[in-house]
Amino acid sequence: MKHPPERALSWGQVLVLGAAALPMVGFGGLGAWGTYSNITSVFHRSATALGVVAAGEGATLVLALTLVGLTMLGQSSPAAVRLGLWTLPALASVTGAVIAPTGTESVVFAFTPMAMCVAAEGMGLLARRIVVFRTGVDAEAQRRNAAVMQHLAYHRARAANHPNQDARKASELESWKLAKKVGTGDALLGAHLVDVQRERMTAGADAALAGMFALPVTPPVTAVTPTPQPPALAATTEDSVTPPVTEEGTQVTPLLPAVPPPRVTPVTPPVEPPVTLKELAAIAGVPTPALGEPLTDAQLVVVLRHLRYLDDPPLSYRQAVAAFREAGFVGGEQRVRKAWGSLMSHEETEA
């Protein structure tokens, strides 16, 4: 599957994203400072407070930077990193709640470390959206979809071939549950599906309009070759033009022989075997175009040339596009139109 070209961030977008990232870092630092102050008020030792902050907010910051770095590289984050972003602040919250001298302070001590957790998640989500915007690739969505498809393939095979009937039934039910999760959160997949449906609707509307506004076609006239009359038959006909007269003066009309109707000999032009799509692709030096797969520009020209000359007279652009969609080939409207223009230019050059 081809991905869209990379897009660059504008200066306005950079400023807005930077302004959104600064509060995340600032409030995460304030949460770490609050935890340090809380621990110092209880133990009265800076080293102990620093150790608690390093184990909670510090480790969370390390995981957040790891998440941001992997996301900027277009890679998915391991499960341990995503789990640690919530586990470490939660442990720091439990620690603060346990060592707090009163119940009111216990709530405050437990709530303070969550600032670093929210800041880390916000930075990771912002970095992920920037990568998706620039490259069109969502590594996290691809990771989830790959895991879902792997489980779905296993349960489909288990439902079809497992010797235990209960296991087959359980896998069949699990397959339908997994089917609901396929493509969830994948913006690129949704965009491709919308493009495919848009092309199909365009082809259907084009075919409907072509059927409504098509001009009637006059059937071709078949050439008739008359059969020459034999000489004997012509002589008999000439002799029988003047009927003989009997003695009583009565004219007798002789019986004429039956003349067969002229034979009609249709003129059939010689039929040449059509060139197959595989042969055209071999002549053009490109792989044979396959149904349902994205085609290159050269393959699009080969397919349109093959469809155009399948009928006599050659198909028009709209007819060729309708045949292109009905056959199941995949290609955007702009690329198909560009390939048709290249084909027409090539035909004019040959002419």
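Placed above this text is the structure.
Every value quoted in this text rests on a predicted model; they were computed, and no experiment measured them.

What counts as what
- Residues numbered from 1 in each chain as written.
- Predicted model: local features only at pLDDT ≥ 70, side-chain atom pairs only at ≥ 80, totals over all residues.
- Heavy atoms only, no water.
- Buried < 20%, exposed > 50% of the residue type's maximum accessible area, 1.4 Å probe, protein only.
- Salt bridge = Lys/Arg side-chain N within 4 Å of Asp/Glu carboxyl O.
- Helix = DSSP H or I, 4+ residues; strand = E, 2+ residues; numbered from the N terminus.
- Contact = heavy atoms within 4.5 Å.

### Describing unusual backbone geometry
- Phi at His-44 takes a positive value of approximately 60°, unusual for a residue other than glycine.
- Note on His-44: relative accessible area 64%, which makes it exposed.

### Some details on the pattern of salt bridges
- Taken as a whole, this structure holds 4 salt bridges when the rule is applied.
- Residues Asp-297 and Arg-335 are paired through a salt bridge, measuring 3.0 Å at the closest nitrogen-oxygen approach. In this pair, Asp-297 sits in helix H11 (residues 297–308) while Arg-335 sits in helix H13 (residues 333–350), placing the two residues 38 residues apart along the sequence.
- The class of Asp-297 is partly exposed, set by a relative accessible area of 42%.
- For Glu-333, the salt bridge goes to Arg-325, with nearest N and O atoms at 3.6 Å.
- Take Glu-333: its relative accessible area is 27%, and that puts it in the partly exposed class.
- On the accessibility criterion, Arg-325 (15% relative accessible area) is buried.
- If you follow the salt bridges from partner to partner, you end up with Arg-325, Glu-333 and Arg-337 in one network.

### Description of helix H12 (residues 317–327)
- Among the residues of H12, those classed as buried are Tyr-317, Ala-320, Val-321, Ala-322, Phe-324 and Arg-325.
- Just downstream of H12, Gly-328 is the residue with a positive phi angle, here 100°.

### Concerning the environment of Ala-320
- Following the sequence through the fold, Ala-320 ends up in helix H12.
- For Ala-320, a relative accessible area of 0% puts it in the buried group.
- Between the C-alpha atom of Ala-320 and that of Leu-307, which follows or precedes it by 13 residues, the distance is 6.1 Å.
- With near-sequence residues (within four places) excluded, Ala-320 lies in contact with Leu-307, Leu-315 and Trp-340.

### Here's the deal with the side chain of Thr-35
- Looking at the element boundaries, Thr-35 is found in helix H1 (residues 11–43).
- Contacts of Thr-35, omitting those with residues within four sequence positions, involve Val-52, Val-53, Glu-57, Thr-112 and Pro-113.

Structural measurements only, silent on function.
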